[in-house]
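# Residue-level structure breakdown
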Amino acid sequence: MIRRIFFRDRKLKMIWAIRKNNLESYLIGSAHFSPYRFERSLGYYISKVDTVLFEGPLDEKSMNKVIQRGFKTSDDRSLLDVVEYGVLRDLIQKLLLSDSYQFATGYHFKDLQKQMEESYIEQLKELKVWSGFFALWSEFLKKIQWKYSVDKEAYKIAKKLNKQIVFLETIDEQIQALENIPVKRILSFIKNFEQWDKYSKKYKKYYLKGDIQNLMFISENFPTRCESIVEKRDLILYERMHPFLERNSILVFCGTIHIKGITERLIENGYKIKPYH
C-alpha cells in the first residue's frame, strides 16, 4: 500500500516564485483533477509559508451547494435540450461501460447497456447544462483514474499544518461564473468527446512538466476557457491576493487557466516571476 501511494506521488513543477521587497511567495497552477498526488511537494511549500490562499471554498458544505445549484428549474435547459440524443448516447456508452461490456454480445449485456443508458439520461434531465457537462466530465475522469485533486490535497495539508487559509472567492461567486459558461462551448466539447482521451493525456504530460504554454494551448476549446471563468476572475483573484502579497510570504493556488492573467498583472506591478522547479 505504501509503495503504491508513493508511486502515485509526483514532484510538482507547475509553480512560480514571486519576489518583491525581499519577500518570496509562491503561485501554484492547480489541477482540480489529477491522476497523481503531489503530497511531498505540497507539504514542502506549504510548510514554508504562514498563509495559503485558494480560489474558493473546498469544504463539503460548499461542494454540496454547487451540486444543489446544478439542478434545473422549469426555466432551465438540460443537456438533452441542446445536445443531439445520439451524441449523448454514444458518450454515455463510452463512459459507463467497461471494456469487457463494450465488446460483449448477447441479450443480457445489451439489456444491461440499455438500463445504464436510460438511468444516466434520467439523471441528466434533472441537471442544468453546465452541471450535466461536469457530471459527464467527472465520470470520464473517474474512468481514467484521475481521482486526485491538487486543491483538495493542499487544503488538507494546510489544515493539518495549522496554516492560515484564505478563500479568494465565495462559493456563490464561483457558481455564478459556472452559470455563465456559454452553452455553445459545452456543446462543441461534447460533440468532440472522441478527443477527450487525447486531451487528457496531453494535459497530464504538460502539467507534470510544468509547461504552462502548451497546457494553455491544448485547453483552448475546454468549456471553462471563457470570459466568465477566466478574464473576469483573473482580475478578481489578483486584486484579492495582492494585499496578502504585500504583507508577508504566501502560497497561492489558482487554476492553470488563471496563471497567465495573474502573472501578467504581477509583473506590471513590479513583481519578479520565475518558474520554481
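Our subject is the structure that appears above.
Residues numbered from 1 in each chain as written. Predicted model: local features only at pLDDT ≥ 70, side-chain atom pairs only at ≥ 80, totals over all residues. Heavy atoms only, no water.

## Looking at the nonpolar core
To keep it simple, the criterion reads: The nonpolar core is taken to be a set of buried Ala, Val, Leu, Ile, Met, Phe, Trp, Tyr and Cys residues, with the residues joined through side-chain atoms within 4.5 Å. With a 1.4 Å probe rolled over the protein chains alone, any residue whose accessible area is under 20% of its type maximum counts as buried; one over 50% counts as exposed, and the rest are partly exposed. The helix and strand labels rest on DSSP assignments: H or I over at least four residues marks a helix, E over at least two residues marks a strand, and numbering proceeds from the N terminus. Should any heavy atoms of two residues lie within 4.5 Å, those residues are counted as being in contact.
Leu42, Leu79, Leu136 and Ile190 are the most contacted members of the largest nonpolar core, which totals 85 residues. Looking at this core, the element that brings in the most residues is helix α8 (residues 129–143), giving 7 residues. Those residues in contact with Leu136 that lie beyond four places of it in its chain are Leu79, Leu88, Leu91, Ile92, Leu95, Tyr120, Leu124, Ile190 and Trp196.

## Digging into the sheet that holds strand β4 (residues 164–167)
Put simply, the rule is: Paired strands, as defined in this entry, are two strands with at least two bridges between them according to DSSP. Only the contacting stretch of a helix is used when fitting its axis, a line to C-alpha atoms as for every element, and angles between N-to-C directions run 0 to 180 degrees.
Here 6 strands make up an open sheet; going across it, the order is β4-β3-β5-β2-β1-β6 and the pairing mixed. Strand pairing shows two members of the sheet lacking a second neighbour, β4 and β6 (272–275), which therefore form its edges. Each strand axis lies, on average, 20° off the axis of its neighbour in the sheet, ignoring direction. When strand β1 (residues 15–20) meets β6, the two strands line up antiparallel, connected through 4 bridges. Looking across to β6, one finds that Trp16 is bridged to Pro275. Where helix α2 (residues 39–47) meets the sheet, its contacts fall on β1, β2 (23–30), β3 (51–54) and β5 (250–255), and the angle it forms with β5 comes to roughly 135°.

## A look at the pattern of salt bridges
Applicable threshold: The working definition used for a salt bridge is a side-chain nitrogen of Lys or Arg within 4 Å of a carboxyl oxygen of Asp or Glu.
Taken as a whole, this structure holds 16 salt bridges when the rule is applied. One salt bridge in this structure joins Arg37 and Glu39, with 3.1 Å as the shortest N-O distance. Looking at Glu39, the relative accessible area reads 35%, which means it is partly exposed. Of the charged contacts in the structure, one is a salt bridge between Lys260 and Glu264, with a shortest N-O distance of 2.7 Å. Of this pair, Lys260 and Glu264 both sit in helix α15 (residues 259–268), 4 residues apart, roughly one helical turn. According to the relative accessible area criterion, Glu264 is partly exposed, its value standing at 38%.

## Describing the packing of helix α14 (residues 231–247) against α15
A pair of packed helices can be characterised by two numbers: the angle between their axes and the separation between those axes. Let me state the cut-off plainly: By the definition adopted for this analysis, an angle is roughly parallel if under 35 degrees, roughly antiparallel if over 145, roughly perpendicular if from 65 to 115, and oblique otherwise. Put simply, a crossing is left-handed when the front helix is turned counterclockwise from the back one by less than a right angle, and right-handed when it is turned clockwise. Side-chain classes follow a simple rule in which Ala, Val, Leu, Ile, Met, Phe, Trp, Tyr, Cys and Pro form the nonpolar group, Asp, Glu, Lys and Arg form the charged group, and the remainder, Gly included, forms the polar group.
Running from N to C, α14 and α15 cross one another at 50°; their axes reach a closest spacing of 9 Å. On the basis of their axis angle, the class for α14 and α15 is oblique. Where α14 crosses over α15, the handedness of that crossing is right-handed. Of α15, the residues touching α14 (which contributes Asp234, Leu235, Leu237, Tyr238, Met241 and Leu245) are Gly261, Ile262, Arg265 and Leu266. Classifying every residue of the contact of α14 with α15 gives 7 nonpolar, 1 polar and 2 charged.

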